[in-house]
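Geometric and topological summary
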Amino acid sequence: MTAKLKVAVVISGGGSNLKALIAAAAQPGAAFEVTHVFCNRPGAGGLAHAAAAGIPTMVIDHKGFSSRGAFDAALDTALRTAEPDIVALAGFMRILTAPFIESWRGKMTNIHPSLLPLYKGLHPHRQALEAGATMHGCTVHWVTPGVDEGPIIAQAEVPILPGDTEETLQARTLIAEHKLYAQALTMIANGEASFPPSSS
Ligand code: GAR
């Protein structure tokens, strides 16, 4: 049996995507495993999902650092100790500095709740509703400099229904995210997705 893809997941909050990844990794024949979880917020709900699965966690509180660069350097050092094949950002709500992104070039993924390149940044569900869109969705992509940019690995569409609010659309999109992230990591593990060499 070939070795499983070792994934370090980085979160900030509730960690429902992390929980879905842990569940997917527990399935027989899973192509990836969640080996470590890192979090920038003490007490974040997602930490409990990792603990329940016996996955080591580390909290690096961004409030303890004087600059974005100093926090990113600490996260970088911690991640290097974990030696993951892939760093999967899952609801990690901080903008990363260019040196950090460069140092994990081709090895870091992110999930964003929109059909990128549409609705980057904050409140993508609200952006979609305000644009009068009838289709929404989610995207897993490689992380490159530029928020919510980078080559797309996989996307899933989620219809916008009459009467949808930001909350209902967010909830429906999150269900799609939970399947999509595991699919994307499986594609990477199986060599069906890789970072395009020409990408910056
Ligand atoms: C998810 O919808 C994720 O796509 C989004 O935050 C939520 C985290 O939920 N991420 C971003 O918006 C990043 N730009 P979770 O903590 O329950 O996984």
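Whatever comes next refers back to the structure up there.
Residues numbered from 1 in each chain as written. Predicted model: local features only at pLDDT ≥ 70, side-chain atom pairs only at ≥ 80, totals over all residues. Heavy atoms only, no water.

**A few points about the pattern of salt bridges**
Scanning the entire structure with this criterion turns up five salt bridges. One salt bridge in this structure joins Arg-105 and Glu-102, with 4.0 Å as the shortest N-O distance. Arg-172 is paired through a salt bridge with Asp-164; the nearest N and O atoms lie 2.6 Å apart. We classify Asp-164 as buried; its relative accessible area is 14%. (Salt bridge = Lys/Arg side-chain N within 4 Å of Asp/Glu carboxyl O. Buried < 20%, exposed > 50% of the residue type's maximum accessible area, 1.4 Å probe, protein only.)

**Describing unusual backbone geometry**
The amide bond that connects Leu-116 to the next residue, Pro-117, takes the cis arrangement and shows omega of 15°. Here the phi dihedral of Glu-83 falls at roughly 50°; this positive angle occurs in a residue that is not glycine. Counting through the fold element by element, Glu-83 comes out in the loop between helix H3 (68-82) and strand S4 (86-89). Among the residues examined, Glu-83 registers a relative accessible area of 55% and is labelled exposed. Residue Asp-148 is not a glycine yet carries a positive backbone phi of 60°. Along the chain, Asp-148 turns up in the loop between strand S6 (135-142) and strand S7 (152-159). (Helix = DSSP H or I, 4+ residues; strand = E, 2+ residues; numbered from the N terminus.)

**Details of the site of the ligand**
All residues in the neighbourhood of the ligand are listed as Gly-14, Gly-15, Ser-16, Asn-17, Gly-91, Met-93, Ile-111, His-112, Pro-113, Asp-148, Leu-174 and Glu-177. Interatomic distance of 2.6 Å between a side-chain N/O atom of Ser-16 and an oxygen atom of the ligand. Between a nitrogen atom of the ligand and a side-chain N or O atom of His-112, the distance comes to 3.3 Å. When the free accessible area of the ligand is taken as 450 Å², the share hidden by the protein chains comes to 84%. The residue makeup of the shell around the ligand, split by class, is four nonpolar, six polar and two charged. (Near = heavy atom within 4 Å. Polar contact = N/O pair within 3.5 Å; in protein donor to acceptor, adjacent residues only side chain to side chain. Areas by Shrake-Rupley, 256 points an atom, 1.4 Å probe, with all protein chains shown as cover. Nonpolar A, V, L, I, M, F, W, Y, C, P; charged D, E, K, R; others polar.)

**Things to note about the nonpolar core**
When a protein is soluble and globular, its nonpolar side chains tend to lie buried together. The biggest cluster of nonpolar side chains holds 41 residues, and the ones touching the most others in it are Val-9, Phe-32 and Val-34. Among the elements of the structure, strand S1 (5-11), helix H1 (16-25), strand S2 (32-39), helix H2 (46-52), S4, S6, S7 and helix H6 (166-189) are those that each provide at least two residues to this core. The biggest single contributor to this core is H6, with eight residues. Excluding residues within four positions of it along the chain, Val-9 makes contact with Leu-18, Leu-21, Val-34, His-36, Val-37, Phe-38, Ala-88 and Ala-90. Counting 18 residues, the second-largest nonpolar core is a separate cluster that includes Ala-8, Ala-78, Leu-96 and Met-108. (Core = buried A, V, L, I, M, F, W, Y, C linked by side-chain atoms within 4.5 Å. Contact = heavy atoms within 4.5 Å.)

**A short note on the pairing of S1**
Of all seven residues that make up S1, six are buried, and the element is covered over most of its length. Each parallel crossover has a hand, and the one from S1 via H1 to S2 is right-handed. Two elements, S1 and S4, share four bridges in a ladder whose sense is parallel. Bridge pairing in S4 places Val-7 opposite Ile-86. (Right-handed = clockwise from strand over helix to strand, strands pointing away. Pairing = 2+ DSSP bridges.)

**Focus on the packing of aromatic side chains**
Scanning the entire structure with this criterion turns up three aromatic pairs. Taking 5.8 Å as the distance between ring centres and 80° as the angle between the ring planes, the aromatic pair formed by Phe-65 and Phe-71 counts as edge-to-face. Ring centres of Trp-142 and Phe-195 lie 5.8 Å apart, and the angle between their planes is 80°; this geometry places the pair in the edge-to-face category. In this pair, Trp-142 sits in strand S6 while Phe-195 sits in the segment after H6, placing the two residues 53 residues apart along the sequence. Classification of Phe-195 by relative accessible area gives buried; the value is 13%. Looking at Arg-94, its charged tip hangs above the ring of Phe-71, at a distance of 4.7 Å from the centre. (Phe/Tyr/Trp six-rings, centres within 6.5 Å; stacked < 30°, edge-to-face > 60°. Lys NZ or Arg CZ within 6 Å of the ring centre and 35° of its normal.)

**Quick look at the side chain of Ser-114**
Considering the arrangement of structural elements, one finds Ser-114 in the loop between strand S5 (108-112) and helix H5 (124-130). For Ser-114, a relative accessible area of 0% puts it in the buried group. Only 2.6 Å separates the side chain of Ser-114 from the backbone oxygen of Leu-118, close enough to count as a polar contact.

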